[in-house]
Amino acid sequence: MFNDILTYLKSCFFYVKGQPVIFTQLYFWVFFVVVLGIYSLIYKKNTLRTFYLLLVSFFFYYKTSGVFLILLIFTIISDYNWGRLIYQSKSDAHKKVYLTISLLLNLFLLCYFKYAYFFTESVNQLAGTEISFFNHFAQFSNTFLGTTDPVDKLILPVGISFFTFQSISYTIDLYRGKVTPVKSIFDYGFFVCFFPHLVAGPIVKANEFLYQIYQEYSLTRKEFGYAIFWILNGLGKKILADYIAINYIDRIFDNPNYYSGVETVFGIFGYSLQIYADFSGYTDIAIGVALLLGYRLKTNFKSPYKAQDVSEFWKRWHISLSTWLKDYLYIPLGGNKKGTIGSYICIAFLSIVLVMLTGKIWLLLVLLFIAILFVLLAYFFPKVKQSVNTNINLLVTMLLGGFWHGSSWLFIIWGGLNGLGLVVHKLWQNISPFKNTSSFFVKGILVFITLAFISFTRIFFRSDSLDTVSLIFDRIINHFGGALTLNIIQGYALVFSVISIGYLIHWIPESFKERYRLKFAELSLPAMSVVTLLFVFFIYQMVSGEMQPFIYFQF
């Protein structure tokens, strides 16, 4: 009995491999209630509440990623001090040096944990060597911390891309003069690792959050209602995402050869709903939890499947990442005005990545030939040069965005297709007869075309190999089985009903959504409690197995 209790307590307070803390677990909500209880005693004292939430966030990340907490602490200490040097320096040259060092350290850690294994395997394939991958961090952890992690494998720290991007925004914003330094390293640590958005966003930029650390706590009665609404909304989305994934979508992508083309098409559109509900569900909960603690996080999704073109879609989807890439990559590279040295360095880097992915030296020669061809065309035809200059950074940004998701052909193709979609849309705008149309029918067609394009690019995002992609397209083109459509709908009636309801709710006009959010926020506390309990009881009736980790944890 005593041993059982001890084992349970260890699981509560120590990291358990393979069991990250996620918002849909009872453990998280018990943890959050305890956090709120202590917070209610200290929330009026800014310094104390910041330090307390920093410790809470450290514990949350430790429970999620174990010894990788060391990396998070290193990032905080490193960028806090580089930021201080940037601000104190009187020389612009020195500022650039300190900023460069900060960026290189951050990008080195990010690239090591996301791509070191990939680069080792690629070098072996290209050079015919047999270099064994060695995980130096795992060796350090095993030697000094008593862990038993394998040194021949690379484990990706949860949320490393998110907290790295947040930390980078601080040093860049200091360099640009958009923010002033935080008052202490504890304030900075809190900014980087505030637990609601730590592992899957939204990405919080320094100039959008730091000022809140020094404001007095405030939460109106209406805001409290909105916070509860966003938490429930996020939980509902997550349950919906898991339900349609387990009962339909995963089966399609895991074994595409077993299903007809029409079933596959339903799965593709279903996956678009799943990834939206899963990812936006996480950020809805994060926004609600942060609001209860007195901090405002920006909206990360604005009904993206209402978009009438690809450009509008990326203004509505994962807004914190899209704006981060725009502010810290796309515009510094030259935006839509011109290609810069940085643009061509990025292209060279991506070309090397493509060669490594294929393991074929001849591809490098092909890419060099294409580059020379473009240079000649740009020299003799000014319009080609102008077109390249205005679109190159868009393509580079989307390709790097694809590579950010993972070192795979599939992610790069996905990013490239979306980049091409953005370029084609820019060109189409000049001749489009539907620009500024008021026709509801035309808008509906444009929304469907955009959703279809985005959904079909995600075949590359969701599939585990190019062979799977090939099978999926083969089923759609050669084995469509349209005559089976009615039988398929009847056979998966409940799953398709849930998918249909999900899309219908998504397409509800924003003004109507705001009205029912406000109605909920203005309910009396007893009525809100009853609605909350009923909602939680209802959505958990749909749980058909273990809750799945949020999709974007892996990035």
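Look up: the structure comes first, before these words.
This structure is a prediction, so every number in the text was calculated from the model and none was measured.

Trainee: How should the pattern of salt bridges be read in this particular structure?
Mentor: A side chain with one charge may pair with a side chain of the opposite charge, provided their charged atoms come close. Under the defined criterion, the tally for this structure stands at 13 salt bridges. Across the pair Arg462 and Asp254 runs a salt bridge whose closest N-O atoms are separated by 4.0 Å. Of this pair, Arg462 sits in helix α18 (residues 440-462) while Asp254 sits in helix α10 (residues 221-254), and the two are 208 residues apart along the sequence. Here Glu510 and Arg517 are joined by a salt bridge, their closest N and O atoms 2.8 Å apart. Residue classification places Arg517 among the buried positions, given a relative accessible area of 10%. Several salt bridges share partner residues, and in doing so they unite Lys205, Glu208, Lys298 and Asp327 into one network.

Trainee: Before we go on, may I ask you to explain unusual backbone geometry in this structure?
Mentor: Trans peptide bonds make up most of the peptide bonds, and negative phi angles are found at most residues other than glycine. The phi torsion at Ser303 lies on the positive side, around 40 degrees, for a residue other than glycine. Its location among the elements puts Ser303 in the loop between α11 (261-292) and α12 (310-316). At His318, a residue that is not glycine, the phi angle is positive and equals roughly 40 degrees.

Trainee: How should I be thinking about a nonpolar patch on the surface in this particular structure?
Mentor: A cluster of nonpolar side chains, contributed by Trp362, Val366, Phe369, Ile370, Ile372, Leu373, Phe374, Leu376, Leu377, Tyr379, Phe380 and Phe381, occupies part of the molecular surface with about 1300 Å² of accessible area. Residue classification places Leu376 among the partly exposed positions, given a relative accessible area of 44%.

Trainee: How do you make sense of the packing of helix α7 (residues 160-176) against helix α9 (residues 206-213) when you look at a structure like this?
Mentor: Between two packed helices, what matters for the description is the angle formed by their axes and the separation of those axes. Packing of α7 against α9 brings their axes to within 9 Å, and their N-to-C directions diverge by 90 degrees. Comparing their axes, α9 and α7 come out roughly perpendicular. Contacts from Ser169, Tyr170 and Asp173 of α7 reach α9 at Ala206, Asn207 and Leu210.

Trainee: How should I be thinking about the nonpolar core in this particular structure?
Mentor: Most often, soluble globular proteins have nonpolar side chains that are buried together. Formed by 142 residues in total, the largest nonpolar core has its most connected members in Phe28, Leu53, Leu72, Phe191 and Phe195. If you tally residues by element for this core, the top one is α11, at 18 residues. Setting aside its immediate chain neighbours within four residues, Phe195 contacts Phe28, Phe31, Phe32, Leu53, Val56, Ser57, Phe60, Tyr282, Val289 and Leu293. In terms of nonpolar packing, the next biggest core, distinct from the first, is built from nine residues, Tyr115, Phe118, Val355 and Phe403 among them.

Trainee: Can you walk me through the packing of aromatic side chains in this structure?
Mentor: Working definition: an aromatic ring pair is given by the centre-to-centre distance plus the angle between the planes. Under the defined criterion, the tally for this structure stands at 68 aromatic pairs. Here Phe28 and Phe60 contribute two aromatic rings whose centre-to-centre distance is 6.2 Å and whose plane-to-plane angle is 75 degrees, an arrangement assigned as edge-to-face. With Phe28 in helix α2 (residues 26-42) and Phe60 in helix α3 (residues 46-65), this residue pair connects regions lying 32 residues apart in the sequence. Judged by relative accessible area, which is 0%, Phe28 ranks as buried. Measuring from ring centre to ring centre gives 6.1 Å for Tyr305 and Tyr503, while their planes differ by 50 degrees; the resulting arrangement is tilted. Highlighted residues: Tyr305 in the loop between α11 and α12 and Tyr503 in helix α21 (residues 493-506), separated in sequence by 198 residues. Here Tyr305 and Tyr503 have matching classes, each one buried.

Trainee: Explanation requested: the side chain of Lys114 in the structure shown.
Mentor: With respect to the helices and strands, the residue Lys114 is situated in helix α5 (residues 92-127). Notably, Lys114 is buried but unbridged: the nearest opposite-charge side chain belongs to Asp278, and the N-O separation is 15 Å.

Trainee: What exactly am I supposed to notice about the packing of α7 against helix α8 (residues 185-193) here?
Mentor: Running from N to C, α7 and α8 cross one another at 135 degrees; their axes reach a closest spacing of 8 Å. As far as their axial angle goes, α8 and α7 are oblique. Across the interface between the two elements, Phe163, Gln166, Ser167, Ser169 and Tyr170 of α7 pack against Tyr188, Phe191 and Val192 of α8. Grouping the constituent residues of the contact of α7 with α8 by class yields five nonpolar, three polar and no charged.

Trainee: What is the right way to read α2 from this model?
Mentor: Its 17 residues place the ends of α2 25 Å apart at the C-alpha level, agreeing with the 24 Å of an ideal helix rising 1.5 Å per residue. Among all positions of α2, only Phe28, Trp29, Phe31, Phe32, Val35, Tyr39 and Ile42 are buried. All buried residues of α2 project into a common sector of 155 degrees when viewed along the axis, lining one side. Exposed positions of α2 whose direction lies more than 90 degrees from the buried face are Leu26, Val33 and Leu41.

Trainee: Would you take a moment to explain the environment of Phe14 for this structure?
Mentor: By the secondary structure assignment, Phe14 is in the loop between α1 (2-13) and α2. Judged by its relative accessible area of 47%, Phe14 is partly exposed. For the pair Phe14 and Leu486, spaced 472 residues apart in sequence, the C-alpha separation works out to 51 Å. If we ignore the near neighbours within four places in the chain, the residues touching Phe14 are Tyr62 and Lys63.

Trainee: I would appreciate a short explanation of the state of the cysteines in the present structure.
Mentor: Throughout this description, disulfide means a covalent bond between two cysteine sulfur atoms. Evaluation of the coordinates by the stated rule reveals zero disulfides. Distance from the sulfur of Cys111, which forms no disulfide, to the nearest cysteine sulfur (Cys346) is 12 Å. Taking the relative accessible area as the measure of exposure, Cys111 reaches 32% and is therefore partly exposed.

Trainee: Can you help me understand α21 in this one?
Mentor: Since there are 3.6 residues in each turn of an α-helix, residues three or four apart along the chain are aligned in direction. If you check α21, its first and last C-alpha atoms are 20 Å apart, about what 14 residues at 1.5 Å a residue would give, namely 20 Å. For α21, every residue scored as buried is listed here: Val495, Phe496, Val498, Ile499, Gly502, Tyr503 and His506. An end-on view of α21 places all buried positions within 155 degrees of arc, on one side of the element. Away from the buried face of α21 by more than 90 degrees, exposed residues Leu494 and Leu504 are located. Looking at the buried positions of α21, the neighbouring elements they touch are α10, α11, α18, α20 (485-491) and α22 (510-521).

Trainee: What should I look at first to understand the environment of Ile412 in this one?
Mentor: Along the chain, the position of Ile412 falls in helix α17 (residues 409-429). Considered as a pair, Ile412 and Ser89 are 323 residues apart in the sequence and their alpha carbons are 39 Å apart.

Reading the values: the criteria
- Residues numbered from 1 in each chain as written.
- Predicted model: local features only at pLDDT ≥ 70, side-chain atom pairs only at ≥ 80, totals over all residues.
- Heavy atoms only, no water.
- Salt bridge = Lys/Arg side-chain N within 4 Å of Asp/Glu carboxyl O.
- Helix = DSSP H or I, 4+ residues; strand = E, 2+ residues; numbered from the N terminus.
- Buried < 20%, exposed > 50% of the residue type's maximum accessible area, 1.4 Å probe, protein only.
- Patch = residues over 30% accessible without salt bridge, like charges linked within 9 Å, V, L, I, M, F, W, Y side chains within 5 Å.
- Areas by Shrake-Rupley, 256 points an atom, 1.4 Å probe, with all protein chains shown as cover.
- Axes fitted to C-alpha atoms, helices over the stretch in contact; angles between N-to-C directions.
- Parallel < 35°, antiparallel > 145°, perpendicular 65-115°, else oblique.
- Contact = heavy atoms within 4.5 Å.
- Core = buried A, V, L, I, M, F, W, Y, C linked by side-chain atoms within 4.5 Å.
- Phe/Tyr/Trp six-rings, centres within 6.5 Å; stacked < 30°, edge-to-face > 60°.
- Lys, Arg positive; Asp, Glu negative; His and termini not counted.
- Nonpolar A, V, L, I, M, F, W, Y, C, P; charged D, E, K, R; others polar.
- Expected span 1.5 Å × (residues − 1).
- Arc of directions from axis to C-beta.
- Disulfide = S-S within 2.5 Å.

Geometric values such as these leave the question of function open.
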